[in-house]
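Breakdown of the fold
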Amino acid sequence: MRSGVFDIDGTGLYHEVRGSGPALLMISGAGGDAGYYTAVAEDLADAFTVITYDRRGNSRSGGAGEGPMRLTQQASDARALIDGLAGGRALVFGNSAGAIIGLTLAAAHPEALAGLIAHEPPAVNVLPDGDPERGFFLEVAALYAAGGGPAAGRRFAETTRGEGAYRWPADLWQRFLANQDHLFGTEWAGFGAFRPDEEALRAAPFPILLAAGAEDRGTYYARPSIEIARRIGAPWAEFPGIHMEFLRDPARFAAALRVTATQQLTCAGGRVPELWAGAPQEP
């Protein structure tokens, strides 16, 4: 693993790079930490150059205190990392709020993507008018205003299936707790206001896959993936497990991501990278 700090207009973004082969940028959701994907990245490093990073304002990256989070800035950050670390083009995977950023990136910077896998974007504004779950972000924002990060965090965890049933890595958990005020005070409103640019996504010159976990059926953060796929004419797939299966069972999650990422990379003209098309290697 190679780690470093990538400078974007004076703000340093901590990143980690593993493996070799086609570039795969993984964008994290709430908490914005590269550590969500450590085990999955290590598993996929035999086939991909996997790039993970702490999003602006989170964990080991700079940018805290810059004011309300802008999705356009998050997309620009991801584009800059692709330019600087992946030669200008990469497959992109995003989970949760990271999937929202991935959809924003795909619409704003299509030339930088070879494909997008958007796993459970909590884009509640695509749910039907009158759906009570459209108010989820406002509910949590009110809890944060009244009781701070712990109150908002408890409610957030209560609505996320599987949380509490497995242990987070201790270092990741500590960084997440330190990121709570940034999440609920700086980023939350921007994620809650997101609406996908359906026209731009329909016109994307690369494959887009929407996805959700098998154990998350019916949740506010899984249902939007189905609606977005319908609106933009993209395929949808069921991944194994829960919202954060990459923490609960990373090998299981990596196996599913390996299949979908490989398919996206090779679907345009059937081109298979030399990494896979070469002579057999000694065991």
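**Here's the deal with the overall build of the protein chain**
- A tally of regular secondary structure across the protein chain gives ten helices and eight strands.
- For the protein chain, the C-alpha radius of gyration of 18 Å lies close to 19 Å, the compact-globule estimate for 283 residues.
- Each of the three principal axes of the protein chain carries a C-alpha extent, and together these read 60 × 40 × 40 Å.
- If you take every contact in the protein chain between residues at least 6 apart in sequence, the share linking residues at least 24 apart comes to 74%.
- Carbon and sulfur atoms make up 53% of the accessible area of the protein chain, which amounts to about 11800 Å² in all.
- With 24 positive and 33 negative side-chain charges, the protein chain shows a separation of 3 Å between the mean positions of the two kinds.

**Details of the sheet that holds strand β8 (residues 236-239)**
- One open sheet holds the eight strands; their spatial order is β1-β2-β4-β3-β5-β6-β7-β8, and the pairing between them is mixed. Where the open sheet ends on each side, the last strands, each with one partner, are β1 (2-8) and β8. Sheet twist, expressed as the mean angle between neighbouring strand axes with direction ignored, is 25 degrees.
- As paired elements, strand β2 (residues 11-18) and strand β4 (residues 49-53) share four bridges and run antiparallel to each other. Counterpart to His 15 in the pairing with β4 is Tyr 53.
- Sitting on the sheet, helix α3 (residues 97-108) is in contact with β3 (23-27), β5 (90-95) and β6 (113-119), with an inclination near 150 degrees to β6.

**Section: the environment of Tyr 37**
- Its location among the elements puts Tyr 37 in the loop between β3 and α1 (38-44).
- Taking the relative accessible area as the measure of exposure, Tyr 37 reaches 1% and is therefore buried.
- In sequence terms Tyr 37 and Ser 3 are 34 residues apart; their C-alpha atoms lie 14 Å from each other.
- With residues near it in sequence (within four places) discarded, Tyr 37 still touches Met 26, Ile 27, Ser 28, Thr 52, Phe 93, Gly 94, Asn 95 and Phe 246.

**Here's the deal with unusual backbone geometry**
- Non-glycine residue Asp 9 carries a positive phi angle of around 50 degrees.
- Relative to the helices and strands, Asp 9 is located in the loop between β1 and β2.
- Residue class for Asp 9 comes out exposed when judged on its relative accessible area of 78%.

**Quick notes on helix α4 (residues 136-158)**
- Helix length check: α4, at 23 residues, gives a terminal C-alpha distance of 12 Å against a target of 33 Å (1.5 Å per residue), a shortfall beyond 12%.
- Three or more residues of α4 are buried, namely Phe 136, Phe 137, Val 140, Gly 149, Ala 151, Ala 152, Gly 153 and Phe 156.
- On the buried face of α4, the contacting elements are α5 (170-192).

**Focus: helix α2 (residues 71-86)**
- Compared with an ideal rise of 1.5 Å per residue, which puts 16 residues at 22 Å, α2 spans 21 Å between its outermost C-alpha atoms and is within 8% of the ideal.
- Those residues of α2 not exposed but buried are Leu 71, Gln 73, Gln 74, Ala 75, Asp 77, Ala 78, Ala 80, Leu 81, Ile 82 and Ala 86.
- In the stretch just after α2, Gly 87 is the one whose phi turns positive, near 70 degrees.

**Details of the packing of aromatic side chains**
- Overall, the coordinates contain 20 aromatic pairs when judged by the stated rule.
- Between Tyr 36 and Trp 168, the aromatic rings sit 5.6 Å apart at their centres with planes inclined by 70 degrees, giving edge-to-face as the arrangement. Placement of the pair is Tyr 36 in the loop between β3 and α1 and Trp 168 in the loop between α4 and α5, with a sequence separation of 132 residues. For the pair formed by Tyr 36 and Trp 168, the shared burial category is buried.

Basis of the calculations
- Residues numbered from 1 in each chain as written.
- Predicted model: local features only at pLDDT ≥ 70, side-chain atom pairs only at ≥ 80, totals over all residues.
- Heavy atoms only, no water.
- Helix = DSSP H or I, 4+ residues; strand = E, 2+ residues; numbered from the N terminus.
- Rg over C-alpha atoms; globule rule 2.2 N^0.38 Å.
- Contact = heavy atoms within 4.5 Å.
- Areas by Shrake-Rupley, 256 points an atom, 1.4 Å probe, with all protein chains shown as cover.
- Lys, Arg positive; Asp, Glu negative; His and termini not counted.
- Charge placed at Lys NZ, Arg CZ, Asp CG, Glu CD.
- Pairing = 2+ DSSP bridges.
- Axes fitted to C-alpha atoms, helices over the stretch in contact; angles between N-to-C directions.
- Buried < 20%, exposed > 50% of the residue type's maximum accessible area, 1.4 Å probe, protein only.
- Expected span 1.5 Å × (residues − 1).
- Phe/Tyr/Trp six-rings, centres within 6.5 Å; stacked < 30°, edge-to-face > 60°.

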